[in-house]
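Structural overview for review
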Amino acid sequence: VERTRPGVRHLLRLADALADLDTDDGLRRYFVTHRTGLLEGPARGGGWRPWELHKRSRLIDVDTELITAAGRPWPARIDAIEGLAERRARARYLMRDRGDLMNVAATLVEGQALTLVVVRSARSVIAVERYRREHGEEAPAAFGDLVPDYLAALPVDPFSGAALKFSRRGDDYLVYSVGRDRQDEGGQLPGEWPRSSEEAGAARDLGLLVRNQAAAR
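It should be emphasised that the depicted structure is a prediction, and the values quoted were computed from it without experimental measurement.

Our focus in this paragraph is the overall build of the protein chain. Helix and strand counts for the protein chain come out as seven helices and three strands. In sequence order, the secondary structure elements of the protein chain are arranged as α-α-α-α-α-β-β-α-β-α. Among the 217 residues that make up the protein chain, the fraction classed as buried is 39%. Contacts spanning at least 24 positions in sequence make up 59% of the contacts within the protein chain whose residues lie at least 6 apart. In the structure as shown, the protein chain presents an accessible area of about 12,000 Å², 50% of it carried by carbon and sulfur atoms.

The subject of this paragraph is the pattern of salt bridges. One side chain can pair with another of opposite charge once the charged atoms of both are near each other. Counted by the stated rule, this structure contains 17 salt bridges. Between R123 and D22 there is a salt bridge, and its shortest N-O distance comes to 2.8 Å. Taken together, the positions of R123 in helix 5 (residues 96–133) and D22 in the loop between helix 1 (8–21) and helix 2 (26–39) put the pair 101 residues apart, joining distant regions of the chain. Look at R123 and you get partly exposed, because its relative accessible area is 24%.

Using the criterion set out here, one finds four aromatic pairs in the structure. Taken together, a centroid distance of 5.4 Å and an interplanar angle of 75 degrees make the contact between Y30 and F31 edge-to-face. Judged by relative accessible area, Y30 falls into the partly exposed class, the value being 39%. Accessibility expressed as a relative area gives 0% for F31, which makes it buried. Considering the side-chain rings of F143 and F166, the 5.5 Å spacing of their centres and the 15 degrees angle between planes classify their relative orientation as stacked.

So, about the packing of helix 2 against helix 3 (residues 50–70). Helix 3 packs onto helix 2 with a crossing angle of 160 degrees between their chain directions and a minimal axis gap of 9 Å. Comparing their axes, helix 3 and helix 2 come out roughly antiparallel. You can see that helix 2 and helix 3 cross each other, and the crossing is left-handed. On the side of helix 2, the interface is formed by L27, R28, F31, V32, H34, R35, G37, L38 and L39, while helix 3 contributes R56, L59, I60, D63, T64, L66, I67 and A70.

Right, let's talk about the sheet that holds strand 3 (residues 206–210) for a bit. Strands pair in a sheet through their backbones, by hydrogen bonds, and they do so in one of two ways: parallel or antiparallel. Strand order in the open sheet formed by three strands is 1-2-3, and the pairing between neighbours is antiparallel. Either end of the sheet is taken by a strand with one partner, and the two such strands are strand 1 (165–169) and strand 3. Strand after strand, the sheet turns through a mean of 15 degrees between neighbouring axes, direction not considered. Of the pairings in the sheet, the one linking strand 1 to strand 2 (residues 172–177) comprises five bridges and is antiparallel in character. What sits directly across from R168, in strand 2, is Y173.

What counts and how
Residues numbered from 1 in each chain as written. Predicted model: local features only at pLDDT ≥ 70, side-chain atom pairs only at ≥ 80, totals over all residues. Heavy atoms only, no water. Helix = DSSP H or I, 4+ residues; strand = E, 2+ residues; numbered from the N terminus. Buried < 20%, exposed > 50% of the residue type's maximum accessible area, 1.4 Å probe, protein only. Contact = heavy atoms within 4.5 Å. Areas by Shrake-Rupley, 256 points an atom, 1.4 Å probe, with all protein chains shown as cover. Salt bridge = Lys/Arg side-chain N within 4 Å of Asp/Glu carboxyl O. Phe/Tyr/Trp six-rings, centres within 6.5 Å; stacked < 30°, edge-to-face > 60°. Axes fitted to C-alpha atoms, helices over the stretch in contact; angles between N-to-C directions. Parallel < 35°, antiparallel > 145°, perpendicular 65-115°, else oblique. Left-handed = near helix turned anticlockwise from the far one by under 90°. Pairing = 2+ DSSP bridges.

This is the structure in C-alpha cells:
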C-alpha cells in the first residue's frame, strides 16, 4: 500500500481475503480432529492390545485438556497450553508421546498467535487505507474511528487480549501488537519480522509501519 496505492475496489478485495484468514478456532479444531482419530476403530488385525488401549486413553485425555485450553480467550489460551506442557514435563509418569503432543501444542499456539498478529495488522492497515481514500488521504485520528464502517470491531491482539495498538507518526502510521513479552514498547519494532517464536520473544513489539510515500516526496 506504500508504493502501489490500491483503489477502494482492490482494498475491499484484500479486506475480504484477509477476513477469511482471520480464523480463531483453528487450533481447537486441530486437537478435536486429533482426538477423533484416536477414538476411531481399533488398529488393523483386531482389537487393541492393553498397552495400546492405555496409551490411546492417555492421549485422548491430553487432547481433551488441550481442546479446553485452546477454546479460552487470548492470551489465557497461550498460558493454559504452555502451563499444561510444563506440568506434563515435570510429571514422572509422563509418556513420551504425551510429552511430544504437549510440546507440539505449545509451538502451535505460539505460531497461531504470531499468524493472527500478521493477519489482523494487515486487516487494520487495509481498513486505514480505505478510510484514507474517503478522507482526503488523511489517516484516522484514533483507531476506533474505523468502527463500524471499515472494521466490524477492533482486532484483538492475541498477546494482550485487548485491541491491537494504533499510532500515528506524522504522515505515517503504525498498527502493532505488544508481542510475546506482553509489554507495550510504544511500537518499537524489530528490523524485520521474526522468523520463529524464539525471535518473537526477543523482539519488542510486532506490527506494520506504513510510510506515506506521497508526503515524503
